[in-house]
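# An overview of the molecular structure
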Amino acid sequence: MTRAEHMRADSGRPPVAVGEVGVAGAVGDAAGTTQPVPLVEFHGLTKEFPAGTEKLQVLKGLDLTIRRGEFVMIMGKSGSGKTTLLNIIGMLDRASAGQFSFDGTAVEQMKETERCEVRNSKVGFVFQQFFLIDSLNVSQNVSLPMVFSGRVSSAEQRRCAQKYLDLVGLGEKARRRVTELSGGQQQRVAIARSLVNDPLLIMADEPTGALDTETGEAIMEILRRLNRQGKTVVMVTHDEDMTRYATRVVRMKDGVITGDAPGGSASVMSAATATDTPVTGAVGVGTCVDAGTYSPAVLSSHETEVCA
Amino acid sequence: MIRNIMLSTLLGLRTHKLRVVLTMVGIIIGIASVITITALGEGVKKNSMDLLDSTGVSGITMVYLPDKIEDMGLDFSFKKSDMKRLLRLESVASIIPNYGYFMGIGDGEVIDAATTYLGTDGSISVTGRAAGAAADELSLGRAITDADGESHVVVLDYMTAQSLAVDGIQMRDLLDTGISIGGAMFRIIGIKADPTELSAADADWTQHCATLPFAAFQQLIADEPIYSLVLTPAAGYERQTVIDQATDVLTQAHPGLAGTFEVDDSIASMRAEMESSLNIAIVVFVSITVIALLVGGIGVMNIMYVSVTERRREIGIKRAIGAKPRVILLQFLFEAVFITFIGGVLGVLFGFALAKAAAFAINTMVPDVEGMFGAILSVKMTAIACATSAGIGLIFGIVPAIGAARTDPIKAIYQ
Ligand SMILES: Nc1ncnc2c1ncn2[C@@H]1O[C@H](COP(=O)(O)OP(=O)(O)OP(=O)(O)O)[C@@H](O)[C@H]1O
Ligand SMILES: [Mg+2]
């Protein structure tokens with residue numbers, strides 16, 4: 001079974017032959033149109049936290065649709081509920097009310113083990129504080145999502161971890177302890193970790209928040225590259241300057257969405273979706289299972305393109 | 001995946017070596033003390049049982065018991081015909097008759113016989129020289145040889161010779177004189193060495209009694225009553241089968257006796273008694289160490305709680321990137337079992353070494369124990385010890401591990 005089939009099988013749709021990978025993510029209604037299925041879609045999303053005897057409503061009935069291939073930046077003041085929203089989208093947390101579907105599946109009905117599987121295979125997390133495991137070395141940290149998916153042999157895990165470390169420019173550091181790395185390097189390790197299971201969606205909560213501007217820019221370049229290769233990225237930030245990387249900017253205030261506009265990279269995005277560019281795992285990054293499609297050259301060409 | 005979990009657990013333990021070792025210490029001490037005590041106990045048990053066995057417990061000693069207590073002293077003797085009948089039983093391999101008293105199978109028999117020397121009555125202990133047996137140490141004269149056949153010659157023990165050599169008679173004057181033993185005249189041909197001047201190894205029991213040629217001894221005891229018969233079961237026959245069949249044969253052969261044939265199992269009961277008292281001692285020590293192990297287990301539980309609390313963020317991260325609660329549970333359970341199992345293995349090795357050392361020390365330093373102490377490590381005991389220690393990890397690790405598995409990923413990462 002290829003990875004693409006896995007994902008469709010997981011989301012309850014009939015498996016599709018390998019040859020149809022080109023329209024992955026665009027499998028639409030019975031009429032056969034190529035309207036992309038929204039990756040994330042929610043209506044009236046509400047989140048309350050118990051605060052003493054009262055309840056604190058942090059998200060107040062949000063409606064949002066995120067399509068494949070978008071680079072969504074969520075902006076807003078501290079305490080506006082960005083992290084809470086991100087945690088719900090990434091299935092780390094559950095909404096108090098509202099409908100929420102991920103990749104065509106209603107999330108409310110999912111059991112915890114199913115949510116774990118989705119987090120493991122379809123979502124990649126990048127946190128502000130990196131959250132690597134200090135007792136493991138760089139390569140082992142990157143391999144961890146594959147360990148939990150339980151589908152990849154350890155030799156394959158090492159090979160695959162190496163591939164993604166090369167991708168973020170840390171191929172040399174595979175055997176190092178994570179504590180020996182700089183903040184920027186640790187964040188790149190975290191990005192490699194978020195990618196190894198070839199997720200549909202990358203969730204990044206202030207990924208540059210703990211880094212200096214220059215290092216932050218490098219991280220953003222990596223995210224932009226991944227987005228251009230088809231990954232959907234949802235990122236939370238405070239930094240207005242970052243919006244140039246996004247195809248879409250969503251603004252929040254006190255648990256409400258107050259703005260939703262195209263970002264600085266919107267034109268790139270529309271070009272990609274307009275030509276129906278395949279957006280799951282077919283370009284550049286590839287998957288560990290379909291290692292044949294991976295070519296480091298693709299990335300380095302992007303790199304030169306970006307630097308030029 | 002299990003392999004991966006184990007591997008990452010071991011990698012995690014690497015960073016807490018000291019704590020892991022300290023946790024193990026409790027288990028090591030507990031298991032080591034159980035192993036020391038049981039290994040020593042088993043060793044002493046085996047050695048003492050071997051000792052008892054060598055004194056004839058494997059044979060079945062049949063005796064006659066009159067119904068009435070007051071008939072106890074009444075003369076009863078097994079007959080040679082009884083022995084012939086019993087030997088016809090397939091279940092009986094061999095029979096040794098017991099005359100007088102008995103020094104144990106293989107050592108031969110001794111009887112007390114009445115003596116008259118120069119008109120003075122006395123009594124001596126007499127034995128027969130088994131063909132080919134090594135000669136005793138002599139002080140005078142010559143030893144009995146195979147060539148003596150059934151001739152009436154005797155080699156006196158030193159003490160007897162001393163008691164006869166009175167009133168100006170020298171010991172050497174005894175040689176070639178006649179002595180009446182059990183009513184028959186024997187010629188004194190030699191006198192044994194003084195046992196008090198011999199080494200312990202040479203001064204065995206034969207040194208303390210007079211010796212006749214084997215055939216002559218057999219004639220002497222032919223008229224002696226046979227108090228008991230020692231049956232050796234044939235291979236493949238149960239003890240009880242032999243006892244039942246022999247009792248039947250003897251009862252039929254002696255009709256009209258107001259008594260029964262019984263097994264004299266005084267040695268067997270001695271053995272059982274010894275075994276049970278040793279077992280009680282072992283059980284007592286094992287119970288004490290079980291308490292010690294419980295304490296060790298609580299230590300493990302404590303450490304596991306610390307470990308879970310300390311690694312809350314790590315758990316949160318793993319849960320966030322897709323580890324199922326079951327995986328986290330397995331990880332901590334494996335960690336607990338690994339620590340206690342390794343502790344158990346080390347405890348077995350350590351405990352056995354200690355038992356060996358203790359046995360050696362007692363054997364060399366305490367007089368009169370003569371190698372009674374030993375250490376035996378049975379496969380069963382090793383398996384029990386290892387399983388127990390792993391079980392302790394499982395039992396005391398499960399609650400903290402469940403706690404870890406229930407960790408809320410968000411709270412854990414943003415703690
Ligand atoms: N577990 C919780 N229990 C109670 N209140 C919470 C919890 N998590 C978040 N909150 C509250 O919800 C509100 C939104 O928090 P959230 O972390 O989503 O904000 P944010 O937009 O990410 O802010 P920041 O930019 O500082 O990261 C805050 O007022 C916070 O105190
Ligand atoms: Mg936040």
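Residues numbered from 1 in each chain as written. Chains lettered and ligands numbered in written order. Predicted model: local features only at pLDDT ≥ 70, side-chain atom pairs only at ≥ 80, totals over all residues. Heavy atoms only, no water.

## Comments concerning the overall build of chain A
For chain A, the count of helices and strands is nine helices and ten strands. By the burial criterion, 54% of the 308 residues in chain A qualify as buried. (Helix = DSSP H or I, 4+ residues; strand = E, 2+ residues; numbered from the N terminus. Buried < 20%, exposed > 50% of the residue type's maximum accessible area, 1.4 Å probe, protein only.)

## Points about the sheet that holds strand E6 (residues 123-126) of chain A
Residue and element names in this part refer to chain A. Sheet architecture is open: six strands sit in the order E6-E7-E8-E3-E9-E10, paired in mixed fashion. Taken across any chain shown, the strands that pair with only one partner, and hence form the sheet edges, are E6 and strand E10 (256-262). Each adjacent strand pair in this sheet contributes to an overall mean axis angle of 15°, direction not counted. Pairing of strand E3 (residues 71-76) with strand E8 (residues 232-237) involves five bridges; the strand directions are parallel. Note on E8: the bridge partner recorded for Ile74 is Val236. Sheet strands in contact with helix H3 (residues 112-122) are E6 and strand E7 (201-205), and its direction is about 75° off that of E6. (Pairing = 2+ DSSP bridges. Axes fitted to C-alpha atoms, helices over the stretch in contact; angles between N-to-C directions. Contact = heavy atoms within 4.5 Å.)

## A word on the packing of helix H4 (residues 138-149) of chain A against helix H6 (residues 183-195) of chain A
Packed helices, taken two at a time, are described by the angle between their axes plus the distance between the axes. Residue and element names in this part refer to chain A. Where H4 meets H6, the axes come as close as 7 Å, and the angle between the chain directions of the two elements is 30°. Taken as a pair, H4 and H6 cross one another with a handedness that is right-handed. Contacts between H4 and H6 involve Val138, Asn141, Val142 and Pro145 on the former and, on the latter, Val189, Ala192 and Arg193. (Left-handed = near helix turned anticlockwise from the far one by under 90°.)

## Some thoughts on the sheet that holds strand E1 (residues 40-51) of chain A
Residue and element names in this part refer to chain A. The four strands are arranged E2-E1-E4-E5 in an open sheet whose pairing can be described as antiparallel. Each of the sheet's edge strands pairs with one partner strand only, and the pair in question is strand E2 (54-66) and strand E5 (105-106). In the packing of helix H2 (residues 82-89) onto the sheet, the strands contacted are E1, E2 and strand E4 (97-102), and the crossing angle to E1 comes to about 120°.

## Section: the side chain of Thr38(B)
Checked against the element boundaries, Thr38(B) lands in helix H2 (residues 17-57). When neighbours within four sequence positions are excluded, Thr38(B) is seen to be in contact with Ile282(B), Val286(B) and Met381(B).

## Concerning the nonpolar core
The biggest cluster of nonpolar side chains holds 67 residues, and the ones touching the most others in it are Val40(A), Phe42(A), Ile74(A), Leu85(A) and Phe102(A). Counting residues per element, this core draws most heavily on helix H11 (residues 379-405) of chain B, which supplies seven residues. Discounting chain neighbours no more than four positions away, the residues touching Phe42(A) are Leu62(A), Asp63(A), Leu64(A), Leu85(A), Ile89(A), Gln99(A) and Phe100(A). Residues Met73(A), Met146(A), Leu165(A) and Met235(A) belong to the second largest nonpolar core, which totals 40 residues. (Core = buried A, V, L, I, M, F, W, Y, C linked by side-chain atoms within 4.5 Å.)

## A short note on the side chain of Asp93(A)
Position of Asp93(A) relative to the elements: it lies in the loop between H2 and E4. Among the polar contacts listed, one links the side chain of Asp93(A) to the side chain of Lys47(A), at a separation of 3.3 Å. Not counting chain neighbours up to four residues away, the residues in contact with Asp93(A) comprise Lys47(A), Phe49(A), Asn87(A), Ile88(A), Arg115(A) and Ile410(B). (Polar contact = N/O pair within 3.5 Å; in protein donor to acceptor, adjacent residues only side chain to side chain.)

## A word on the site of ligand 1
Residue and element names in this part refer to chain A. Within the structure, ligand 1 sits among Phe49, Val58, Lys77, Ser78, Gly79, Ser80, Gly81, Lys82, Thr83, Thr84, Glu206 and His238. Here an oxygen atom of ligand 1 sits 2.9 Å away from a polar atom, N or O, in the main chain of Gly79. Within the complex, the protein chains bury 61% of what would otherwise be the 630 Å² of accessible surface of ligand 1. Broken down by element, the shell around ligand 1 gets its largest block of residues, three residues, from H2. The residue inventory of the shell around ligand 1, partitioned by class, reads two nonpolar, seven polar and three charged. (Near = heavy atom within 4 Å. Areas by Shrake-Rupley, 256 points an atom, 1.4 Å probe, with all protein chains shown as cover. Nonpolar A, V, L, I, M, F, W, Y, C, P; charged D, E, K, R; others polar.)

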